[in-house]
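Examination of the molecular architecture
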Amino acid sequence: MSIEGYAIRNAKRHEVDLIISWANQEGWNPGLNDAEAFYGTDPNGFFLGMLDERPVASISAVTYNDSFGFLGFYIVEPSLRGQGLGTEIWNAGMKYMGDRNIGLDGVLSQQKLYERLGFRPYYRSVRHQGAGTGQKRNMAGIRSLSEVPLKDLLAYDDRFFPVPRHAFTSLWIRQHGAVALAAMDDGRLAGYGLLRLCHTGYKIGPLFADDEDVAESLFGALCGHAPQGAPVFLDTPAINPAALDLARRHHMNPVFETIRMYTRKDPHLPMDQIYGVTSFELG
């Protein structure tokens, strides 16, 4: 189906800010400073649908390498839905991805649609909401992530993503206003996490840890950098019981769910060590 006056093109850097604002209007609460890391990962992976030269639809189809990519920001202006605009921009994103294994975090109401489009479900993620403590304190083994050699951090992060994402991670940990912390065990990196400012409150993501004690220490330290009572969100894989227990211990409430899906295969990540997903938009 072709809609008269509708064309799809690559988004420019400043237009990624517009796409993120649309995501916020949808209730997804992205980070205020996510765009730089998102766009820097794959500048050709963001698409806008233009109707009579007005942006009305978006999708991100970010390629990490020749074998893996991730879909996000699939949005059509509400007043124009049901007219085929979403289908066209979806097809553009999928064409750009080629034959890679493709991941996405979809809302549960769209799971059946994504299955018809070739995606298979693997696990749910639950967004939990809690509150910052505003209590910054020194904790044993916790230090600024900037003290960790970048090569050590990237090697650790490689364990938790289907393919190396060095460009993304290097930008993500340095985003404006974020707090990134590392957990060290006898000189070895045993976990890391990042707290960033969002349109509403703060999000912790990623939160990767070798075990529950490390995750607990990192989570507590990161919450201390959020003002007391400020909303703090953690996106926990539901197949990691320890992540759900962490959220419950800190009196966090479930507010949203997604389903992680892939087109080709499950990358078999160490889900028992993933306590917080990095982002629903880029994985």
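Residues numbered from 1 in each chain as written. Predicted model: local features only at pLDDT ≥ 70, side-chain atom pairs only at ≥ 80, totals over all residues. Heavy atoms only, no water.

**Re the side chain of N240**
Looking at where N240 falls in the secondary structure, it is placed in the loop between β11 (231-237) and α8 (241-249). You can call N240 buried: its relative accessible area is 2%. What N240 contacts, discounting residues up to four positions off in sequence, is M271, D272, Q273, I274 and Y275. (Helix = DSSP H or I, 4+ residues; strand = E, 2+ residues; numbered from the N terminus. Buried < 20%, exposed > 50% of the residue type's maximum accessible area, 1.4 Å probe, protein only. Contact = heavy atoms within 4.5 Å.)

**Details of the layout of surface pockets**
Size it by volume and the largest pocket reaches roughly 520 Å³. Listed by contribution, the elements that provide at least two residues to the lining of the largest pocket are β4 (68-76), α3 (85-97), β5 (101-107), α4 (111-116) and β12 (253-262). Among the elements that line the lining of the largest pocket, the one with the most residues is β4, at 6 residues. Here the residues of the lining of the largest pocket are counted per class, giving 14 nonpolar, 6 polar and 5 charged. When its volume is computed, the second largest pocket comes out at roughly 150 Å³. Lining of the second largest pocket is provided by Q135, K136, R137, N138, M139, I142, R143, S144, L181, G220, A221 and H225. Counting only elements with at least two residues in the lining of the second largest pocket, the list comes to β7 (142-144) and α7 (212-223). (1 Å grid on protein atoms, 1.4 Å probe; cavity = no way out; pocket = protein on both sides within 12 Å on 5 of 7 lines; lining within 4 Å. Points joined across faces, edges and corners; volume = space filled by probe spheres on them. Nonpolar A, V, L, I, M, F, W, Y, C, P; charged D, E, K, R; others polar.)

**Notes on the nonpolar core**
F38, F46, Y64, F73 and L145 are the most contacted members of the largest nonpolar core, which has 42 residues in total. Considering every element that reaches this core, the biggest residue donor is helix α1 (residues 13-25), with 5 residues. Dropping the residues within four chain positions of it, F38 is found in contact with I20, F46, F73, F168, W172, S279, E281 and L282. If you look at the next biggest cluster of nonpolar residues, it comprises 27 residues, including A183, A226, V232 and A242. (Core = buried A, V, L, I, M, F, W, Y, C linked by side-chain atoms within 4.5 Å.)

**What to know about empty space enclosed by the protein**
Considering all chains together, one arrives at 2 cavities of 30 Å³ or more under this definition. For the largest cavity, the calculated volume is near 80 Å³. Surrounding the largest cavity, Y123, F160, F161, P162, R165, F208, R260, L269, I274, V277, T278 and G283 form its lining. Among the residues forming the lining of the largest cavity, the class breakdown is 8 nonpolar, 2 polar and 2 charged. When contributions to the lining of the second largest cavity are tallied by element, the ones reaching two or more residues are β10 (202-209) and β11. Residues belonging to the lining of the second largest cavity are distributed by class as follows: 4 nonpolar, 3 polar and 3 charged.

**Comments concerning the packing of α7 against α8**
Following both chains from N to C, one finds α7 and α8 inclined at 40°, their axes separated by 11 Å at the closest point. The orientation of α7 relative to α8 falls into the category oblique. Once α7 is placed against α8, the crossing between them reads as right-handed. Taking contact as the criterion, the partners of E212, E216 and F219 in α7 are, on α8, A242, L246 and R249. Residues that form the contact of α7 with α8 fall into these classes: 3 nonpolar, no polar and 3 charged. (Axes fitted to C-alpha atoms, helices over the stretch in contact; angles between N-to-C directions. Parallel < 35°, antiparallel > 145°, perpendicular 65-115°, else oblique. Left-handed = near helix turned anticlockwise from the far one by under 90°.)

Note that all results are geometric; they support no functional claim without further evidence.
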